Amino acid sequence: MEQRLTRREWLATFVKALTALLAFVYGIPALVMLIVPAFRRQKVPWVKVGNASEFTSGEPKAVTLSYQRRDGWVIRTVRSTVYVVSTSDGSLKVLSNICTHASCAVRWERDRKAFFCPCHAGYFDASGKVMEGPPPRPLPEFPHKVEGGVLYVRLESV
Ligand code: FES
């Protein structure tokens, strides 16, 4: 038995098919534009620390840095304190101030010439090596560079 579409039914089917096609053509790119940024992570940027000439005292100097970082849809301000250490050969090191034992903040103790972690009495020397206490590893060192006399650091997970 043959069933024929009326002109009205044929037009309704055509409009539905056209609507579905347009939704597909415009919907997919819109969905991609919405979803892709959620999975995109920004590269860790170089953050300006200061003029390299400021860090020649021979004593570690604390610097608190702040920068904006985008993770997917979220833009957050990252604040981090680092210690800049000038070594005996004149080069610089940028150390984390986070203890490798249980992540407490260390501080430089001028009298003892060491970083002290108050949580469990851990000590690190000026290069970040463990001297005493429970810390299992040296203080993490961040990648850094000096360009045009300015010190930059990359605060990536270390
Ligand atoms: S957290 Fe630093 S010694 Fe335990």
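Cut-off values and rules
- Residues numbered from 1 in each chain as written.
- Predicted model: local features only at pLDDT ≥ 70, side-chain atom pairs only at ≥ 80, totals over all residues.
- Pairing = 2+ DSSP bridges.
- Helix = DSSP H or I, 4+ residues; strand = E, 2+ residues; numbered from the N terminus.
- Axes fitted to C-alpha atoms, helices over the stretch in contact; angles between N-to-C directions.
- Domains from an automatic or database assignment.

Here we look at the sheet that holds strand S10 (residues 150-154)
- Spatial ordering of the open sheet is given by S1-S10-S9, a layout of 3 strands whose pairing is antiparallel. Of all strands in the sheet, those with a lone pairing partner are strand S1 (46-51) and strand S9 (144-147), marking the two edges. Ignoring strand direction, the axes of neighbouring strands in this sheet form an average angle of 30 degrees.
- Pairing of S1 with S10, which is carried by 5 bridges, proceeds in the antiparallel orientation.

Topic: the domain arrangement of the protein
- Each domain of the protein was delimited in the assignment, giving domain 1 (1-39) and domain 2 (46-154).
- A separation of 58 Å is found between the C-alpha centroids of domain 1 and domain 2.

Brief notes about the pairing of S9
- Pairing between S9 and S10: 4 bridges, direction antiparallel. In the strand pairing of S10, Lys-145 is matched with Tyr-152.
- In textbook terms, the turn of a hairpin is the stretch between consecutive antiparallel strands, and for S9 and S10 this stretch comprises 2 residues, one of which, Gly-148, has a positive phi near 60 degrees.

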